[in-house]
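# Topology and contacts: notes
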Amino acid sequence: MAAPFANSQSPGFYRHKVGDYEITIVNDGGLALPAGVYSGDPAGAEKLLNDAHLDKDNIPTHVNTWLINTGSRLVLVDTGGGTGFAPTLGRLPKNLAAAGVDPNAIDTVVLTHMHPDHIPGLLAADGKMMFESAVVHVNGDEYAFWTSDEIRGKAPDEFKGFFDMARAAIKPYADAGKVMMHKDGTQFAPGVTAAAAPGHTVGHTMVRVSSAGDDLLIWGDIVHTAALQFPEPERSVGFDNNPELAIANRKKVFDMVATDRLLFTGAHLPFPALGRATKAASGGYVYVPVHYAEYP
């Protein structure tokens, strides 16, 4: 029997329990990256992407954020690209609404870093604060970097816009006294802790969530393309501030999550972006996505 096409997708959120806490992974949309932004052998990259059935010229790259509900606190990690970076981003408000979350109920926002697919969502479409009740936490070195006129002046022209978007997004919160600097080990809420992993940016920060003997690592931008960087962790991406340090920290994190069998989630892993890693005989790693589960 004929039926009209839906022409829409289900809302982009997925819930997962970590001990007594509820984590909601909220998708903000996606970007397409070319293989050329990665270091290393192009032919090897093309083969890995072909084996993964991915287009080397348009690698689908999700942009994810996370809402941590501790029962007494609502902590949002990253805010997506907002309305000004790319037309394929900016889905966070719609998906938060679909998940039944009022932005004004969020009391804490943590930024893994200040790139334009992570911070512009601090602002609503009218340029005002999206999260009026929240304090924004950012690594002190990260904030100093992106708000420095001297560093911006020395940056390549194609990256100056990154500085402008970061500054514009955080300025209303800074003007209202709602920005706090954090460092490695800072606790944002009970069991929600900063873990420094610089390299991608100067203050790139992961967030570890621990509750009732259960753990989840929100690793931000440790990985941009799973099909490339799990098997070959030494592949850096062109957006890395310090490629050598980013590679070293990626290898360190991979070893930790594989050895400890630690559940992780990443900004650019395929939604819903939950998985584990195992060591491969080749010396790289294999990404093992978590199976969909009914909730709770």
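Residues numbered from 1 in each chain as written. Predicted model: local features only at pLDDT ≥ 70, side-chain atom pairs only at ≥ 80, totals over all residues. Heavy atoms only, no water.

The number of helices and strands found in the chain is seven helices and 14 strands. Taking 2.2 N^0.38 as the reference for a compact globule, 296 residues should give roughly 19 Å; the C-alpha atoms of the chain span a radius of gyration of 18 Å, in line with that estimate. Reported as C-alpha extents along the three principal axes, the dimensions of the chain are approximately 60 × 50 × 45 Å. Within the chain, the proportion of its 296 residues that are buried is 49%. For the chain, long-range pairs separated by at least 24 residues make up 68% of all intrachain contacts whose partners lie at least 6 apart in sequence. Of the accessible surface of the chain, which amounts to about 13500 Å², a share of 54% is contributed by carbon and sulfur atoms. (Helix = DSSP H or I, 4+ residues; strand = E, 2+ residues; numbered from the N terminus. Rg over C-alpha atoms; globule rule 2.2 N^0.38 Å. Buried < 20%, exposed > 50% of the residue type's maximum accessible area, 1.4 Å probe, protein only. Contact = heavy atoms within 4.5 Å. Areas by Shrake-Rupley, 256 points an atom, 1.4 Å probe, with all protein chains shown as cover.)

Most peptide bonds are trans, and most residues other than glycine sit at a negative phi. In this structure, proline 272 follows phenylalanine 271 across a cis peptide bond, with omega equal to 10°. Within the fold, proline 272 resides in the loop between strand 12 (264-265) and strand 13 (274-279). Located in the positive-phi region is alanine 212, a residue other than glycine, with phi close to 50°. Take alanine 212: it is sitting in the loop between strand 10 (205-211) and strand 11 (214-218). When its relative accessible area of 64% is taken as the criterion, alanine 212 is described as exposed.

Spatially, seven strands are ordered 8-9-10-11-12-13-14 in an open sheet, and the strand pairing comes out mixed. On the outer flanks of this sheet lie strand 8 (187-189) and strand 14 (285-289), each paired with one strand and no other. Summarising the sheet, strand 13 and strand 14 pair through five bridges and their orientation is antiparallel. By the bridge assignment for strand 14, lysine 279 is matched with tyrosine 285. Helix 7 (residues 243-260) rests against strand 10, strand 11, strand 12, strand 13 and strand 14 of the sheet, and its axis sits at about 95° to strand 13. (Pairing = 2+ DSSP bridges. Axes fitted to C-alpha atoms, helices over the stretch in contact; angles between N-to-C directions.)

What follows covers the side chain of threonine 108. With respect to the secondary-structure elements, threonine 108 resides in strand 5 (residues 108-110). Owing to a relative accessible area of 2%, threonine 108 belongs among the buried residues under this scheme. For threonine 108, the residues in contact, after removing those within four places along its chain, are Arg73, Leu74, Val75, Leu76, Ala134, Val135 and His137.

This part is about the pattern of salt bridges. Summed over the entire model, instances satisfying the criterion amount to 12 salt bridges. Salt-bridge contacts for arginine 235 lead to glutamate 232; the nearest nitrogen and oxygen are separated by 2.6 Å. (Salt bridge = Lys/Arg side-chain N within 4 Å of Asp/Glu carboxyl O.)

The full count for this structure, using the stated rule, is one cavity of 30 Å³ or more. Its boundaries defined by the atoms lining it, the largest cavity holds a volume of some 50 Å³. As for the largest cavity, its lining consists of Ala197, Pro198, His200, His204, Asp221, Ile222, Asp240, Ala246, Asn249 and Arg250. Broken down by class, the residue content of the lining of the largest cavity amounts to four nonpolar, three polar and three charged. (1 Å grid on protein atoms, 1.4 Å probe; cavity = no way out; pocket = protein on both sides within 12 Å on 5 of 7 lines; lining within 4 Å. Points joined across faces, edges and corners; volume = space filled by probe spheres on them. Nonpolar A, V, L, I, M, F, W, Y, C, P; charged D, E, K, R; others polar.)

This part covers the nonpolar core. Core analysis: the biggest nonpolar cluster contains 31 residues, and Val109, Leu111, Leu122, Phe131 and Ile170 have the highest contact counts within it. Mapped by element, the contributors of at least two residues to this core are strand 4 (74-77), helix 2 (92-98), strand 6 (135-139), helix 3 (140-146) and helix 5 (157-175). Residue contributions to this core peak at six residues, all from helix 5. Beyond its immediate stretch of four places on either side in the chain, phenylalanine 131 contacts Leu76, Thr79, Leu92, Leu96, Pro103, Ile106, Val109, Gly121, Leu122 and Tyr173. (Core = buried A, V, L, I, M, F, W, Y, C linked by side-chain atoms within 4.5 Å.)

If you trace the backbone, tyrosine 292 turns up in the segment after strand 14. Counting along the chain gives 107 residues from tyrosine 292 to glycine 185, while the straight-line C-alpha distance between them is 31 Å.

Our next topic: the packing of aromatic side chains. Taken as a whole and assessed by the stated rule, the structure comprises 14 aromatic pairs. Grouping aromatic residues by their ring pairs yields a cluster made of Trp219, Phe230, Phe254, Phe264, Tyr285 and Tyr287. (Phe/Tyr/Trp six-rings, centres within 6.5 Å; stacked < 30°, edge-to-face > 60°.)

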